[in-house]
Amino acid sequence: MRRRVYDEPVQVEVLADRPTRFTWDGRGYEVITFVKMLGLLRPRDDVDTQLWQVRAQAPGSQTPATYELRRDHGVWQLAAVWEPSVRN
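The model shown is predicted, which means the values in this text are computed figures rather than measured ones.

Right, let's get into the nonpolar core. Counting 17 residues, the largest nonpolar core has Phe-22, Trp-24, Tyr-67, Leu-69 and Leu-78 as its most contacted members. Going through the elements one at a time, β3 (18-24), β4 (27-42), β5 (47-57), β6 (65-72) and β7 (75-83) are the ones with two or more residues in this core. Every residue in contact with Phe-22, bar those within four places of it in the chain, is listed here: Gln-11, Val-12, Arg-27, Gly-28, Tyr-29, Val-31, Val-54, Ala-56, Tyr-67 and Leu-69.

What follows concerns the packing of aromatic side chains. Per the stated rule, a full pass over the model turns up 7 aromatic pairs. Ring plane angle 70 degrees and centroid distance 5.3 Å describe the contact between Phe-22 and Tyr-67, whose orientation is recorded as edge-to-face. With a gap of 45 residues between them, Phe-22 in strand β3 and Tyr-67 in strand β6 connect regions that are remote in the sequence. This pair shows no difference in class: Phe-22 is buried, exactly as Tyr-67 is. Judged by centre distance (6.4 Å) and plane angle (35 degrees), the ring pair of Trp-24 and Tyr-29 falls under tilted.

Taken as a whole and judged by the stated rule, the model has 8 salt bridges. For Arg-21, the salt bridge goes to Glu-30, with nearest N and O atoms at 2.7 Å. Given the relative accessible area of 28%, Arg-21 is considered partly exposed. Linking Asp-48 and Arg-71 is a salt bridge whose minimum nitrogen-to-oxygen distance equals 2.9 Å. Taken together, the residues span a long stretch of sequence, with Asp-48 in strand β5 and Arg-71 in strand β6 at a distance of 23 residues. Judged on exposure class, the residue Asp-48 and its partner Arg-71 are both buried. Here the salt bridges do not stand alone but share partners, grouping Arg-2, Arg-4 and Glu-83 into one network.

On the surface, Val-35, Met-37, Leu-38 and Leu-40 cluster together into a nonpolar patch covering about 330 Å² of accessible area. Position of Leu-38 relative to the elements: it lies in strand β4.

Attention shifts here to the side chain of Gln-50. Summarising the element assignment, Gln-50 is placed in strand β5. A distance of 2.8 Å separates a polar atom in the side chain of Gln-50 from a polar atom in the side chain of Trp-52. Not counting the four nearest positions on each side in its chain, Gln-50 is found in contact with Lys-36, Leu-38, Gly-39, Leu-69, Arg-70, Arg-71 and Trp-76.

How each quantity is defined
- Note on numbering: residues in each chain are counted from 1, in written sequence order.
- In view of the model being predicted, local features appear only for residues whose pLDDT reaches at least 70, and side-chain atom pairs are presented and counted only at 80 or more, with totals across whole chains, interfaces and linings using the full set of residues.
- Hydrogens are left out, water is left out, and the side-chain values use all remaining heavy atoms of the structure.
- As used in this record, nonpolar core signifies buried Ala, Val, Leu, Ile, Met, Phe, Trp, Tyr and Cys residues forming a set joined through side-chain atoms within 4.5 Å.
- Whether a residue is buried, partly exposed or exposed follows from its accessible area with a 1.4 Å probe, protein chains only, as a fraction of its type maximum: under 20%, in between, or over 50%, in that order.
- Under the DSSP-based scheme used, a helix requires at least four consecutive residues in state H or I and a strand at least two consecutive residues in state E, with every element numbered from the N terminus.
- Note on contacts: a residue pair is in contact if any heavy atoms of the two residues lie within 4.5 Å.
- Centre distance within 6.5 Å is the pairing criterion for rings of Phe, Tyr and Trp, where only the six-membered ring of Trp is used; planes under 30 degrees apart are then read as stacked, over 60 as edge-to-face, and the remainder as tilted.
- By convention in these notes, a salt bridge is any Lys or Arg side-chain nitrogen within 4 Å of a carboxyl oxygen on Asp or Glu.
- The patches described consist of residues with a relative accessible area above 30% and no salt bridge, like charges being joined within 9 Å and nonpolar side chains (Val, Leu, Ile, Met, Phe, Trp, Tyr) within 5 Å.
- For accessible areas, the Shrake-Rupley method is used with a probe of radius 1.4 Å. Any residue's cover is judged against the shown protein chains and nothing else.
- Two N or O atoms form a polar contact when they lie within 3.5 Å of each other; inside protein one atom must be a possible hydrogen donor and the other a possible acceptor, and for residues adjacent in sequence the pair counts only when both atoms belong to side chains.

Without other data, these values stay purely geometric and don't point to any function.
Following this line, the structure appears as structure tokens:
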């Protein structure tokens, strides 16, 4: 697997304090599984950050992929996409 780093805005739907869907590059993705990798909240130090790793699938896609979503002060970003390694 290869991790491709991004820093792009995404729209995330949250239900019960977890991401359930997100929109990136005009496509909607349904979250299948998730892991909250990091959650920091320290208002005194102006820290409010979460990092999630999710398995998600776009409609019509055959296989899900792994994405990292970062939330900082309520703003969501796509942090990374895990892609299969291509071997020649």
